[in-house]
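Listed below, chain by chain, are the residues.
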Amino acid sequence: IASANANGRVIVENGNFVTTDATIFQSNGGTVIINGGSYKAEPYQGTYYTLNLVDGVANAAIEVSGGKFYMYDPAQSKTEPNGPVSFLMDGYKSEPDDPNNPIWYEVTRE
């Protein structure tokens, strides 16, 4: 849906974002800041790329301090080639709605 290109910023305060694509926000050298809202994307080859850093691009960043994410844990994002990474800001946590069968993950202050 949106991309933060070189030195750009996308700041999301709230909203309901749904797409039939795999990615809602990506960083392509800029910064995506998510403070709230809900996010639902479709998987691509079994992986949810709801938030994604463009591989090999310098200065790409995603910072999450709020929101609800469908089938996607921004504290353990599997979208990056070097293994799971956390997009959470310091002092925030991500919790599943059901630890045994998580559908939604909500980011709140610790």
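Just so we're clear, the structure is a prediction, and the values are computed from it rather than from any experiment.

Novice: Mind showing me how you'd approach the overall build of the protein chain here?
Specialist: Within the protein chain one finds zero helices and 11 strands. Along its sequence from the N terminus, the protein chain presents helices and strands in the succession β-β-β-β-β-β-β-β-β-β-β. Here the C-alpha radius of gyration of the protein chain, 13 Å, is about what a compact globule of 110 residues would show, namely 13 Å. For the protein chain, the C-alpha atoms occupy an extent of roughly 40 × 30 × 25 Å along the three principal directions. For the protein chain, the proportion of its 110 residues judged to be buried stands at 41%. By sequence separation, contacts in the protein chain at least 24 residues apart represent 48% of the contacts at least 6 residues apart. Treating the 6 positive side-chain charges of the protein chain as one cloud and the 13 negative ones as another, the clouds have centres 4 Å apart.

Novice: What should I look at first to understand the packing of aromatic side chains in this one?
Specialist: Aromatic ring pairs are reported here in terms of the distance separating the ring centres and the angle at which the planes meet. Following the criterion strictly, the structure yields eight aromatic pairs and no others. Judged by centre distance (6.1 Å) and plane angle (50°), the rings of Phe69 and Tyr72 are tilted. Take Phe69 and Tyr72: they sit in the same class, and that class is buried. The cationic tip of Lys40 hangs over the ring face of Tyr70; the distance from NZ or CZ to the ring centre is 4.6 Å. Over the face of the ring belonging to Trp104 we find Lys68, whose NZ or CZ atom lies 5.8 Å from the ring centre.

Novice: Which parts of the structure should I look at to understand the layout of surface pockets?
Specialist: It is a probe the size of a water molecule, rolled over the atoms, that shows where empty space is left. Space inside the largest pocket adds up to approximately 180 Å³. Lining the largest pocket are Gly46, Thr47, Tyr48, Met71, Tyr72, Asp73, Gln76, Ser77, Lys78 and Tyr105. Grouping the amino acids of the lining of the largest pocket by side-chain chemistry returns four nonpolar, four polar and two charged.

Novice: Whenever I open this one, the sheet that holds strand β5 (residues 31-34) confuses me. Can you help?
Specialist: The pairing of strands in a sheet happens through backbone hydrogen bonds and is either parallel or antiparallel. Pairing is parallel across the open sheet formed by three strands, whose spatial order is β2-β5-β8. Each end of this open sheet is capped by a strand with a single partner; those strands are β2 (9-12) and β8 (61-64). Pairwise comparison of adjacent strand axes, ignoring direction, gives a mean angle of 10° for this sheet. Judged from the four bridges that link them, β5 and β8 form a sheet pairing that is parallel. Its bridge partner lying in β8, Val32 is registered against Ile62.

Novice: So what exactly am I meant to see when it comes to the nonpolar core here?
Specialist: In summary, soluble globular proteins display a tendency toward joint burial of nonpolar side chains. Residues Phe25, Ile34, Tyr39, Leu51, Val64 and Phe69 are the most contacted members of the largest nonpolar core, which totals 22 residues. Mapped onto this core, the elements with two or more residues apiece are β2, β5, β7 (51-53) and β8. Residues contacting Phe25, with those up to four places away along its chain left out, are Ala2, Val10, Val12, Phe17, Val32, Ile34, Tyr39, Thr50, Leu51, Asn52 and Ile62.

Novice: What's the story with the sheet that holds strand β1 (residues 2-5) in this structure? I'm lost.
Specialist: Pairing within the open sheet is parallel, and its three strands lie in the order β1-β4-β7. Two strands in the sheet have a free side with no partner beyond their single neighbour: β1 and β7. In this sheet, adjacent strand axes meet at a mean angle of 15° when their direction is disregarded.

Cut-off values and rules
- Residues numbered from 1 in each chain as written.
- Predicted model: local features only at pLDDT ≥ 70, side-chain atom pairs only at ≥ 80, totals over all residues.
- Heavy atoms only, no water.
- Helix = DSSP H or I, 4+ residues; strand = E, 2+ residues; numbered from the N terminus.
- Rg over C-alpha atoms; globule rule 2.2 N^0.38 Å.
- Buried < 20%, exposed > 50% of the residue type's maximum accessible area, 1.4 Å probe, protein only.
- Contact = heavy atoms within 4.5 Å.
- Lys, Arg positive; Asp, Glu negative; His and termini not counted.
- Charge placed at Lys NZ, Arg CZ, Asp CG, Glu CD.
- Phe/Tyr/Trp six-rings, centres within 6.5 Å; stacked < 30°, edge-to-face > 60°.
- Lys NZ or Arg CZ within 6 Å of the ring centre and 35° of its normal.
- 1 Å grid on protein atoms, 1.4 Å probe; cavity = no way out; pocket = protein on both sides within 12 Å on 5 of 7 lines; lining within 4 Å.
- Points joined across faces, edges and corners; volume = space filled by probe spheres on them.
- Nonpolar A, V, L, I, M, F, W, Y, C, P; charged D, E, K, R; others polar.
- Pairing = 2+ DSSP bridges.
- Axes fitted to C-alpha atoms, helices over the stretch in contact; angles between N-to-C directions.
- Core = buried A, V, L, I, M, F, W, Y, C linked by side-chain atoms within 4.5 Å.

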